[in-house]
Amino acid sequence: MQEGEETIAAIATPVGQAGIGIVRLSGPRSLSITSKIFRPRKGRGPLRSHRLYLGELVDPATAEPLDEVLVSYMKAPRSYTREDVVEINCHSGYVLLSKILELLLSLGARPARPGEFTLRAFLNGRIDLSQAEAVVDLINAKSEKGLALASQQIRGAFRDRIADLKAPVLDLLARLEAAIDYPEEAEEILDMDEITDIIQRQVIAPINVLIQEHARRRVWVDGVQTVIVGRVNAGKSSLLNRLLNEERAIVTPVAGTTRDVIESTVTLEGLPLRLLDTAGLRRAKDQVEELGLELARRKMEEADLVLVVVDQSRPLGPEDRETIRRCKGKETIVVLNKIDLPCGLDPAEEGEVFGDLCRVRISALTGEGIPLLARAIREQVLGGETDLTTSQVVPNLRHREALGEALRNFEGALESLRGGRPLEIAAFELRAGLDALGAIVGETTDADLLDRIFSRFCLGK
Ligand SMILES: Nc1nc2c(ncn2[C@@H]2O[C@H](COP(=O)(O)OP(=O)(O)OP(=O)(O)O)[C@@H](O)[C@H]2O)c(=O)[nH]1
Ligand SMILES: [Mg+2]
């Protein structure tokens with residue numbers, strides 16, 4: 001493969017001042033390029049694989065030493081990409097790292113694209129596509145649980161599950177094809193009840209379980225999108241700050257303080273939340289506020305969870321009622337705020353407006369009730385389920401779509417068989433289902449898809 005023959009290089013650590021930085025090379029010329037600028041302190045001759053060498057980097061043009069570094073060489077195929085890989089550990093700092101990268105490029109390496117090291121690992125068959133995707137998840141993980149899931153996926157948990165799903169289908173397909181080739185013996189080869197039972201129990205049911213597990217991904221890997229809404233001055237920004245334990249948003253007694261959406265991430269009771277504070281609801285006074293309100297409404301529609309903040313020291317207003325109406329069909333918690341002040345709500349009205357929505361009483365000012373709110377959020381999101389650590393794989397959206405496609409084909413095959421249609425049809429549908437499953441681990445994928453997946457990576461990975 002042409003592309004694989006090029007040697008690529010990139011700065012693999014975040015740019016900024018830090019103790020160490022790493023520049024990484026992959027490809028057949030990694031070692032020869034490195035030898036042109038690296039002088040090991042001890043020993044001569046070529047570097048040995050999987051050893052760490054202390055020495056100096058020297059600019060060949062000026063013979064000036066650049067930095068004292070540690071160099072490691074991982075000979076193909078025992079490396080991240082299955083190609084020859086060299087990692088140069090140097091001091092960090094943008095100028096130094098760029099200078100080293102520049103030298104490597106001038107000696108014949110080419111700059112790596114984002115995710116290209118991992119792409120090569122995939123193209124060279126070291127990892128499957130679900131493992132490559134998990135690398136991004138690992139880097140971006142928002143909770144310990146998300147980290148554990150990503151790490152299981154990197155180790156191949158998803159690939160194994162897909163293999164388990166494919167095995168019975170491959171077996172059935174072989175039998176169907178035998179029956180197609182030898183129609184007179186078809187009855188003997190195929191027991192219809194047994195076959196439909198296998199498809200139902202060993203293929204369709206487990207796929208359905210995986211699809212359901214996709215919903216949990218949003219919780220553990222992406223974080224729960226939690227939107228704080230309510231009337232102006234209800235204390236939304238105060239609640240955000242309280243949950244974050246920092247003064248993230250401006251709080252003032254002026255109604256309409258927040259005009260834009262303010263986003264932050266926090267972990268509450270082990271649950272990763274993406275908190276969004278929004279502009280307070282009222283009749284907009286100018287265009288900026290109108291846009292802010294529009295944005296707030298949109299975020300509310302996309303939310304996994306809505307926290308409606310109500311100032312319980314005042315009677316309910318039309319804005320409170322409207323907010324509640326908009327929450328219909330959404331996971332909602334009513335946060336009755338300012339309980340440090342006397343209650344101004346009419347109990348009958350309260351019951352009528354909030355119905356059976358979960359209500360939590362807090363004071364964003366004093367912090368009272370915040371632990372109760374945290375627990376209510378966890379319960380609302382996890383719906384009573386407490387142990388979610390059993391699942392090893394949690395499909396992402398791309399996997400979810402492929403699983404749906406596989407499911408449709410397998411269900412189609414089941415119907416064809418039950419309806420006594422020609423066996424060729426069921427065989428065709430089973431094969432299409434297998435292809436859809438194969439796409440998850442990258443057995444059947446096109447260049448566009450790979451581009452989309454790997455463009456999410458950072459440079460040097
Ligand atoms: N007594 C009391 N005052 C509070 C409480 N929470 C917020 N406040 C006060 O209420 C006022 C408005 O608070 P914010 O947090 O800015 O309210 P908001 O909902 O973000 O307001 P907008 O952004 O204007 O929509 C401020 O003066 C806060 O100090 C509370 O629990 N008790
Ligand atoms: Mg605010």
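## Some remarks on the packing of aromatic side chains
Working definition: an aromatic ring pair is given by the centre-to-centre distance plus the angle between the planes. Here the structure, examined in full by the defined rule, presents 1 aromatic pair. Relative to F457, the ring of F454 has its centre 5.2 Å away and its plane inclined at 20°; by these criteria the two rings are stacked. Residue F454 shares its accessibility class with F457, and that shared class is buried. Sitting above the plane of the F117 ring, R24 keeps its charged end 4.9 Å from the centroid. The ring of Y80 has K461 sitting right over it, with the charged end atom 4.8 Å from the ring centre.

## A word on the sheet that holds strand β8 (residues 224-230)
Read across the open sheet, the 6 strands follow the order β9-β10-β8-β11-β12-β13; overall the sheet is mixed. The open sheet is flanked by β9 (262-268) and β13 (358-361), the only strands paired with a single partner. Sheet twist, expressed as the mean angle between neighbouring strand axes with direction ignored, is 25°. Here 4 bridges tie strand β12 (residues 332-337) to β13, and the two strands are oriented parallel to one another. Looking across to β13, one finds that I333 is bridged to C358. With respect to the sheet, helix α12 (residues 318-326) is in contact with β8, β11 (305-311) and β12, its orientation differing from that of β11 by roughly 165°.

## Comments concerning the site of ligand 1
Neighbouring ligand 1 are 23 residues, the closest being K236, S238, G256, T257 and D340. Residue K236 places a side-chain N or O atom 2.6 Å away from an oxygen atom belonging to ligand 1. Separating an oxygen atom of ligand 1 from a side-chain N or O atom of S363 is a distance of 3.2 Å. The leading source of residues in the shell around ligand 1 is helix α10 (residues 236-244), at 3 residues.

## Some thoughts on the coordination of the magnesium ion (ligand 2)
Tetrahedral coordination by four donors sets the ideal angle at the metal to 109.5 degrees; octahedral coordination by six donors sets it to 90 or 180 degrees. Within the first shell, the magnesium ion (ligand 2) binds the protein through S237 (OG) and T258 (OG1), at distances of 2.0 to 2.1 Å. With S237 in helix α10 and T258 in the loop between α10 and β9, the pair connects residues that are 21 residues apart, well separated along the chain. Given the relative accessible area of 7%, S237 is considered buried.

## Describing the nonpolar core
Membership of the largest hydrophobic core comes to 37 residues, with the highest contact counts inside it found for L176, I199, I207, F410, L430 and L437. At the level of secondary structure, the elements contributing two or more residues to this core comprise α7 (157-181), α9 (192-222), α15 (397-418) and α16 (423-441). Excluding residues that lie within four positions of it along the chain, F410 makes contacts with V169, I199, V203, I204, I207, L430, G433, L434 and L437. Counting residues in hydrophobic clusters, the runner-up holds 33 residues, among them I228, I262, A364 and I377.

Thresholds applied
Residues numbered from 1 in each chain as written. Chains lettered and ligands numbered in written order. Predicted model: local features only at pLDDT ≥ 70, side-chain atom pairs only at ≥ 80, totals over all residues. Heavy atoms only, no water. Phe/Tyr/Trp six-rings, centres within 6.5 Å; stacked < 30°, edge-to-face > 60°. Buried < 20%, exposed > 50% of the residue type's maximum accessible area, 1.4 Å probe, protein only. Lys NZ or Arg CZ within 6 Å of the ring centre and 35° of its normal. Pairing = 2+ DSSP bridges. Helix = DSSP H or I, 4+ residues; strand = E, 2+ residues; numbered from the N terminus. Axes fitted to C-alpha atoms, helices over the stretch in contact; angles between N-to-C directions. Contact = heavy atoms within 4.5 Å. Near = heavy atom within 4 Å. Polar contact = N/O pair within 3.5 Å; in protein donor to acceptor, adjacent residues only side chain to side chain. Donors = N, O, S within 2.8 Å, 3.2 Å for Na, K, Ca; no water. Core = buried A, V, L, I, M, F, W, Y, C linked by side-chain atoms within 4.5 Å.

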